[in-house]
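A closer look at the structure
Spelled out, the chains give:
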Amino acid sequence: MAPDDLRARLAALQADDLPVHGGRTLAYVYDAGLAEVDALAREAVAAFAGSNGLDPTAFPSLLAMENDLVAFARPLVDGPDTMVGTLTSGGTESCLLAVQGARDARPDVTSPTMVVPETVHAAFHKAAHYFGVRAVVVPVGPDHRADARAMAEAIDDSTVLVVASAPSYAHGVVDPVAEIAAAAAARGVRCHVDACIGGWVLPWAARLGRPVPRWTFAVEGVTSISTDLHKYAYAPKGASLLLHRTPELRRPQYFAHAGWPGYTMLNATLQSTRSGGPVAGAWVTVRAIGDDGYLDLTRRALEATDRICAGIEATEGLSLVATPDSTLVAAVADGPLDVFTVCDEMAQRGWFVQAQLSYDGQPASLHLAVSASTDPAGFLDALAGSVAAALVAGPVPVDEGVVALLQTLDPATLGDAEFDLLLAAGGLAGEGGELGLPERMAPVNALLDVAPPRLREAVLVTFLDRLARPAELPAEQPGGAPGVPSGHAPFAGGG
């Protein structure tokens, strides 16, 4: 294909994507509103896209930039002179490595466990699945923060890691890290603080005079911290830092293998080949914005968060789940208001807010990750109109027959046939039985909301498997992707 045709195809494919700039996509992406910095970062990504972080002696530039990013982060997390760090592909990889390193540091424990609050990010359950470390899940308190005493009581001789959040993704509150870390240290267990989404906000929030619970390496017993650069450092995807108090704590994270005829493999992360693009993009972004720049961006993001929270509290039918410690906001509906319909109405007005399904007696909620470029006045105007429209529309009904069908489905055996039956029952099947998601996602979310978590997982796995099947794209077609429906599926994540 000719270059101009390829550019046109890319533009057409991207047309249905959520916007990554403008502050109206309140999940998955984070926008500083700094066009010049974004342009510099894109140049850096392109310039180093072919460089490979697999061998730092072959590409010393990448190692220099990575070390510089860790050094920049040290004062933010009150890191000691011994602190070291690794650049990963994102928060999930940082969390995975924290669990893998804790497991491998204790080869004497044959059936390792980790103690986590029920609000811990799903990445830790992914790590448990991958690495055979059983997650001991502890219920949180009524304030949605980890119950430090209950977590301490859950630690036993099999525990290799204890995890706290700063803040938790779902509710935006910081766990009592000091108490949790002290309990872990008393048992000689590592304590990881997942600050993937708050680690580049909370330091400047404290400097701005806001009350911030203790969560850094200044807390005795904290052994590692994860903080994402592609979130509130506003770097291109994907870049995160996994920071350790000492090199000795990081050592089990490394993998080396010389027992084969090829080169001796040595990896610092789950990846072997690592593109230099995200490293350079993150380095350029952090250095271009700088300490004073981040202070201003944090001030703007937190002020926008405050105004949005006040507006939500003043909106009849909506209330905050918790007063946020950072920039994450969760709100629930009261009475006849349906949050899934509110999310759809916001999308109609050009704003993407994330729907969180009900869980263990907690109602469904709408979730926001507020960026520095988010306009609170524009958001609240759209919210008022969306709430009014949602009240007129009323809750999305779920057919009793569909609910009964869900009770008969076994998550362990859910396949294409059962999925097709569910699509048809829910009115989601397109022509020829193909996947036909509607523009409005409230019916899909309402359907998932009445399903138990294990079935939700199975349905979404089957849904993703159905989407990820190649289809021929004729060369003369200027864009579009066959088999990929419009609308946005209710996947969870912080991006």
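All of these numbers come straight from a predicted model, not from anything done at the bench.

Our next topic: the side chain of His192. For His192, the location among the structural elements is in strand 5 (residues 190-194). Separated by 2.7 Å, the side chains of His192 and Ser224 make a polar contact. A polar side-chain atom of His192 sits 3.0 Å from a polar atom in the side chain of Ser226. Excluding residues that lie within four positions of it along the chain, His192 makes contacts with Ala98, Phe124, Leu161, Val162, Val163, Ala164, Thr223, Ser224, Ile225, Ser226 and Leu242.

This brings us to the nonpolar core. Core analysis: the largest hydrophobic core is formed by 67 residues, its most contacted members being Trp200, Trp215, Leu229, Tyr234 and Tyr294. Per-element accounting of this core gives the leading share, 10 residues, to helix 10 (residues 276-313). Tyr234 has contacts with Tyr30, Asp31, Ala32, Leu229, Thr285, Tyr294, Leu297, Ala301, Ser371 and Ala372, leaving out every residue within four places of it along the chain. Ranked by size, the runner-up nonpolar core spans 29 residues in total, among them Leu337, Val370, Ala442 and Ala446.

Attention now moves to the packing of aromatic side chains. This structure, assessed with the given rule, holds 11 aromatic pairs. Aromatic pair Trp204 and Tyr294: ring centres 5.2 Å apart, planes at 35°, arrangement tilted. Placement of the pair is Trp204 in helix 8 (residues 202-207) and Tyr294 in helix 10, with a sequence separation of 90 residues. Neither residue differs from the other here; Trp204 and Tyr294 are each classed as buried. Centroid distance Trp351 to Phe379: 5.6 Å. Interplanar angle 80°. Geometry classified as edge-to-face. A residue pair is termed long-range when its members are at least 10 positions apart, and Trp351 in the loop between helix 11 (339-348) and strand 12 (354-356) and Phe379 in helix 12 (residues 376-393) qualify at 28 residues. The residues Trp351 and Phe379 share a single accessibility class, namely buried. Grouping aromatic residues by their ring pairs yields a cluster made of Phe72, Trp200, Trp204 and Tyr294.

Glancing now at the pattern of salt bridges. Evaluation of the coordinates by the stated rule reveals 18 salt bridges. In this structure, Arg274 and Glu66 form a salt bridge, with 3.6 Å as the shortest nitrogen-oxygen distance. Separated by 208 residues along the polypeptide, Arg274 in the loop between strand 9 (265-267) and helix 10 and Glu66 in helix 3 (residues 60-73) bring together distant segments of the chain. Counted as one network, the salt bridges with shared partners bring together Asp296, Arg299, Arg300 and Glu303.

With mixed pairing, the seven strands of this open sheet are ordered in space as 1-7-6-5-4-2-3. The open sheet terminates on both sides in strands that have one partner only, identified here as strand 1 (84-88) and strand 3 (134-138). If you compare each strand with its neighbour and ignore which way they point, the axes differ by 20° on average. Taken strand by strand, helix 4 (residues 91-104) contacts strand 1, strand 2 (113-117), strand 4 (159-165), strand 5, strand 6 (224-228) and strand 7 (240-244), and its axis lies near 25° from that of strand 7.

With that out of the way, let us pick up the sheet that holds strand 12. What the four strands build is an open sheet, ordered 10-11-13-12; its pairing is antiparallel. Every other strand in the sheet has two partners, leaving strand 10 (318-320) and strand 12 as the edge strands with one partner each. Strand-to-strand twist in this sheet, taken as the mean axis angle between neighbours without regard to direction, amounts to 35°. Direction of pairing for strand 10 relative to strand 11 (residues 328-333): antiparallel, over a ladder of three bridges.

Assignment of secondary structure puts Asp194 in strand 5. Of the side chains with opposite charge, Lys231 lies nearest to the buried Asp194, which makes no salt bridge, at 7.4 Å. From its side chain, Asp194 meets the backbone nitrogen of Cys196 in a polar contact 3.2 Å long. With sequence-adjacent residues up to four places away left out, Asp194 is seen in contact with Cys95, His121, Phe124, Ala164, Ser165, Ala166, Pro167 and Ser226.

Quick look at the confidence of the model for the protein now. When pLDDT is averaged along the protein, the result is 91; 92% of the residues meet or exceed 70. Per-residue pLDDT stays below 50 along residues 478-486; that stretch engages in 20 contacts with residues further than four places along the chain or on separate chains.

The rules behind each value
Residues numbered from 1 in each chain as written. Predicted model: local features only at pLDDT ≥ 70, side-chain atom pairs only at ≥ 80, totals over all residues. Heavy atoms only, no water. Helix = DSSP H or I, 4+ residues; strand = E, 2+ residues; numbered from the N terminus. Polar contact = N/O pair within 3.5 Å; in protein donor to acceptor, adjacent residues only side chain to side chain. Contact = heavy atoms within 4.5 Å. Core = buried A, V, L, I, M, F, W, Y, C linked by side-chain atoms within 4.5 Å. Buried < 20%, exposed > 50% of the residue type's maximum accessible area, 1.4 Å probe, protein only. Phe/Tyr/Trp six-rings, centres within 6.5 Å; stacked < 30°, edge-to-face > 60°. Salt bridge = Lys/Arg side-chain N within 4 Å of Asp/Glu carboxyl O. Pairing = 2+ DSSP bridges. Axes fitted to C-alpha atoms, helices over the stretch in contact; angles between N-to-C directions. Lys, Arg positive; Asp, Glu negative; His and termini not counted. pLDDT = per-residue confidence, 0-100.

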